[in-house]
Amino acid sequence: MFEYNLELLDDMAQSPAEQDLKTILDMMRWAYSYFNASDLYYGHGHDNAWDEANQMVLSALALPVDVPESLYQSNLTQTEKLRIINMVQQRLGLRKPVAYLTNSAWFCGLEFYVDERVIIPRSPIGELIREGFTGILRTEPKRILDLCTGSGCIAIACAERFPHAEIDAVDLSVDALNVAEINIDRHNMAQQVFPLQSDLFDSLPQDQYDLIITNPPYVDLEDLETMPEEFHHEPEMALGSGVDGLDITKRILTQAADYLSDNGVLVCEVGNSMVHLIEQFPTVPFNWLEFKHGGLGVFSLTKQQLIANRHLFN
């Protein structure tokens, strides 16, 4: 499926970086130059070549992102240089996202382990979590459901923001839940975040949640077929959801009210498929949320609104 950028890789082979480059900053600049010369897509945590080069080099050296810049002049060992070169070659040749190369992604100011069993965290819902869902919830939530949890980043970020809440982190994929468990352990959230395997609500007890958050698969067929190569490293079951991207969302809309408390709210991300949702359900009062730092396609509905419009979703 993926083709190596042969011209760039040939150039790298003719000018061995391990001989010419010495310091951390040398490697950052070198990677930055190659990224800029390529047609890489940036959409998995960073939006530019320099930030990707910076994360890749520091991660390869097991250094934190806030390492003092004075250390950038440190000389590298041969082994360290070869490790960075290998990562750069994979980024250029396979179009593998940096987060998978470093097994690291950031969400809500927290670092998460990721690999190709889960999509890379990038949801604008993070802004809502940081703001405590102000204007969406009447009171602080005690029970939260993170539906389609993936890496567990939303559930764990909610646990950080609402330390007295219990959060169920649900996913159909056992592989994804295994990654979520890694992150739950890393963030010491085992007493607050509980991973559960279920096809949406099918295997869940009839609980009452104050907040249901879901970032389900929502990419429509046309977008799925034309996505940049970087996205094809992510599990397809976590991206596509039928011709219009709404197959799973409609199931959620049909069932969510049964799992919400009286003042409970559903927050759901549908991305670009919001166009299809508005077209198909023009009378439903979706509350489309606005974001200060970019993002679209996230709505909220109260339990009462879900009940009143349930007949439309079936």
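This text goes with the structure placed above it.
Residues numbered from 1 in each chain as written. Predicted model: local features only at pLDDT ≥ 70, side-chain atom pairs only at ≥ 80, totals over all residues. Heavy atoms only, no water.

Trainee: Before we move on, can you summarise the side chain of Arg95 with the specific residues and values?
Mentor: Positionally, Arg95 belongs in the loop between helix H5 (78-94) and helix H6 (98-102). On the basis of relative accessible area, Arg95 is assigned to the buried category, the value being 8%. Here Leu92 takes part through its backbone oxygen, which lies 2.3 Å from a polar atom of the side chain of Arg95. (Helix = DSSP H or I, 4+ residues; strand = E, 2+ residues; numbered from the N terminus. Buried < 20%, exposed > 50% of the residue type's maximum accessible area, 1.4 Å probe, protein only. Polar contact = N/O pair within 3.5 Å; in protein donor to acceptor, adjacent residues only side chain to side chain.)

Trainee: Describe the pairing of strand E4 (residues 166-171), with residues and values.
Mentor: A large share of E4 lies buried, amounting to five of its six residues. Of the pairings in the sheet, the one linking strand E3 (residues 143-147) to E4 comprises five bridges and is parallel in character. Across the sheet, the residue bridging to Leu147 is Val170, located in E4. Read from E3 through helix H8 (residues 153-161) to E4, the crossover connection turns out right-handed. Where E4 meets strand E5 (residues 193-197), five bridges bridge the pair, whose relative direction is parallel. Each bridged residue has a counterpart across the sheet, and for Val170 the counterpart in E5 is Leu196. Between the parallel elements E4 and E5, the chain passes through helix H9 (residues 174-186) in a crossover that is right-handed. (Pairing = 2+ DSSP bridges. Right-handed = clockwise from strand over helix to strand, strands pointing away.)

Trainee: Please give an account of the nonpolar core that cites residues and values.
Mentor: Grouped together as the largest cluster of nonpolar side chains are 32 residues, with contacts concentrated most on Ile129 and Phe133. Going through the elements one at a time, strand E2 (110-112), helix H7 (125-130), H8, E4, strand E6 (209-214) and strand E7 (260-269) are the ones with two or more residues in this core. If you tally residues by element for this core, the top one is H8, at seven residues. When sequence neighbours within four positions are dropped, the list of residues in contact with Ile129 reads Phe107, Cys108, Ile154, Ala157, Cys158 and Arg161. Grouped together as the second largest cluster of nonpolar side chains are 28 residues, Ile212, Leu253, Met274 and Phe286 included. (Core = buried A, V, L, I, M, F, W, Y, C linked by side-chain atoms within 4.5 Å. Contact = heavy atoms within 4.5 Å.)

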